Amino acid sequence: MDKLVISGNRRLEGEVRISGAKNAALPILAAALLAQTPVAVDNVPELHDITTMLELLRGLGAASRWHNDTSVEINATHLNNPLAPYESVRTMRASILVLGPLLARCGEALVSLPGGCAIGARPVDLHLKGLAALGADIRMEGGYIHARARRLKGCRLVLDQVTVTGTENLLMAAVLAQGKTVIENAAREPEVTDLARFLVKLGANISGIGTDVLEIQGVESLGGNRPRYTVMPDRIETGTYLTAAALTCGRIRTTRTCPQILDAVLEKLHEAGAAIDSGPDWIELTMSDRPRAVSFRTAPYPAFPTDMQAQLMAMNCIAEGVGIITETIFENRFMHVLELRRLGADITIEGHTAICSGKNRLQGAPVMATDLRASASLVLAALAAEGETVIDRIYHIDRGYEHIEDKLSRLGATIHRIEGSSVPC
Ligand code: EPZ
């Protein structure tokens, strides 16, 4: 397994170009299954999860071809296999996103039930309940979800709780259903909005985009004359690099990003004492002194995103004062706390709340990544720590951060990768 070696306590400054959003690109690539003509998707990040999704689509009969580093064409004209195998779903939970489009396009889907993961049980009951309400026959067979429907029938859905991929799956199922579907209590994350805009580009009839009530009038088919779509910038990657500036008392400008979709994070970084400037597609953060600790609760968009919780906790570890963080989305998203403590952090956990008393300095040490955003938090803490930190199992971070050591090196970090043996299955 690869490792990252970081020598910390260096001020980061410079410019970093933000990649396309992983959590928008994944549903958009899955939605390409709905199109009867080839579609082109631009600003796709070069990440392990993207490769996994394209392999999954190929197994379903959808060919894909890269035109350059970030543009891929998907041709789902002839789908010939409704099976999303365990091997794919096991390595990437987001494979569940092929369930809705496969069912809508082919009338059948056989998708391995995703298992749990480090941050929580992450059931998909709301996905299945919604598809059944749309008329699908859902059976569990040998660890697989077997869904069938001659043609889905639109209806009013009220989601018991906000679910991002649940909203995405049901939206993708509804666009080819007969009649009108209303999804209430829909997720409003910008990545859901990006998917909806892509579907409209393919000819879908969706209103209420960006709100928690999506109205979909089903159409007969989707595609068009080689439609092309550009994936939105990654707001979590943006927030991660801005936090790197805050935590190393540096100055970083993130480019090719979008300032309008990070308000809750920018507000907390400002509260920590950062000076923040922004333009149409850039955000710059300068931290002149030691950051002040911040407190927050994670919640669905537009509140503070759970995917930025671990990163702000890393900042709290070296901030002045006490920061109290409550995680309300996932039941086990404090795995990074145990590793941050190895760097000298003073954090106590009470239920779903972490109380962090900032230290003047962390000390480098060997640590282990447990999930995507926990790994980002360890990288950030290592950048601020005195001495050398070795982060193991960084295949987690390669799933969500494109060329992270290159981008950080260009910002002045002392970081390099040790190639290890293959990733464990
Ligand atoms: C998406 O996961 C993101 N992944 C996650 O990003 C993100 O943390 C999460 O949304 C919350 O914003 C992708 O978009 C690929 P949910 P998702 O369904 O859709 C419960 C990252 O780091 N729930 O919104 O799986 C669930 O257990 C990843 O990039 C049910 O109970 O999250 C959780 O407590 C991590 N039943 C809550 O809802 C369901 O059927 C929110 O989960 C579905 C969800």
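Summarised in this report is the structure supplied together with it. (Residues numbered from 1 in each chain as written. Predicted model: local features only at pLDDT ≥ 70, side-chain atom pairs only at ≥ 80, totals over all residues. Heavy atoms only, no water.)

Taken together, 21 residues lie near the ligand, and L126, T163, T165, D307 and I329 sit nearest. Here an oxygen atom of the ligand sits 3.2 Å away from a polar atom, N or O, in the side chain of K22. Backbone polar atom of L126 to an oxygen atom of the ligand: 2.7 Å apart, as the coordinates give it. Relative to its free-state accessible area of 830 Å², the ligand is covered by the protein chains to the extent of 88%. Breaking the shell around the ligand down by element, the ones donating at least two residues are α1 (22-31), α5 (125-133), α6 (164-174) and α12 (372-384). Sort the elements by how many residues they give to the shell around the ligand and α5 lands first, with three residues. The residue inventory of the shell around the ligand, partitioned by class, reads nine nonpolar, six polar and six charged. (Near = heavy atom within 4 Å. Polar contact = N/O pair within 3.5 Å; in protein donor to acceptor, adjacent residues only side chain to side chain. Areas by Shrake-Rupley, 256 points an atom, 1.4 Å probe, with all protein chains shown as cover. Helix = DSSP H or I, 4+ residues; strand = E, 2+ residues; numbered from the N terminus. Nonpolar A, V, L, I, M, F, W, Y, C, P; charged D, E, K, R; others polar.)

Here we take up the sheet that holds strand β17 (residues 282-286). With mixed pairing, four strands are arranged side by side in an open sheet as β2-β15-β17-β16. Both outer strands of the open sheet, β2 (13-17) and β16 (275-279), are each paired with one neighbouring strand and no more. Neighbour-to-neighbour, the strand axes of this sheet turn through a mean angle of 15°, independent of strand direction. Summarising the sheet, strand β15 (residues 251-255) and β17 pair through five bridges and their orientation is antiparallel. Residue pairing in the sheet places T254 in a bridge with I283 of β17. The strands that helix α8 (residues 235-247) touches are β2, β15 and β17; relative to β15, the one it contacts most, it runs at about 165°. (Pairing = 2+ DSSP bridges. Axes fitted to C-alpha atoms, helices over the stretch in contact; angles between N-to-C directions. Contact = heavy atoms within 4.5 Å.)

The next thing to look at is the packing of aromatic side chains. Across all of its chains, the model carries two aromatic pairs by this definition. Judged by centre distance (3.9 Å) and plane angle (25°), the ring pair of F296 and F304 falls under stacked. For the residue pair F296 and F304, the accessibility class agrees, reading buried in each case. (Phe/Tyr/Trp six-rings, centres within 6.5 Å; stacked < 30°, edge-to-face > 60°. Buried < 20%, exposed > 50% of the residue type's maximum accessible area, 1.4 Å probe, protein only.)

Time to look at the pairing of strand β21 (residues 353-357). Burial within β21 is extensive, with four of its five residues counted as buried. Here strand β19 (residues 322-326) runs beside β21; their pairing, made up of five bridges, is antiparallel. Directly across from I324, in β21, lies its bridge partner I355. Of the strand pairs in this sheet, strand β20 (residues 346-350) and β21 are connected by five bridges, and their pairing is antiparallel. Bridge pairing in β21 places D346 opposite S357. As consecutive antiparallel partners, β20 and β21 are separated by two residues, and within that stretch G351 has a phi angle of approximately 65°, a positive value.

Throughout the structure, instances matching the rule amount to 22 salt bridges. Residues K129 and D160 are paired through a salt bridge, measuring 2.8 Å at the closest nitrogen-oxygen approach. With K129 in helix α5 and D160 in the loop between β10 (156-158) and α6, this pair connects stretches of sequence that are 31 residues apart. Of the charged contacts in the structure, one is a salt bridge between R251 and E284, with a shortest N-O distance of 3.2 Å. (Salt bridge = Lys/Arg side-chain N within 4 Å of Asp/Glu carboxyl O.)

This part covers helix α7 (residues 190-201). Over its 12 residues, α7 extends 17 Å from the first C-alpha to the last, a length consistent with the 16 Å expected when each residue adds 1.5 Å. With nine of 12 residues buried, α7 is to be regarded as a mostly interior element. The set of residues buried in α7 consists of P190, E191, V192, T193, D194, L195, A196, F198 and L199. Packing partners of the buried residues in α7 comprise α1, β3 (39-42), α6, β12 (205-207), β14 (228-230) and α8. (Expected span 1.5 Å × (residues − 1).)

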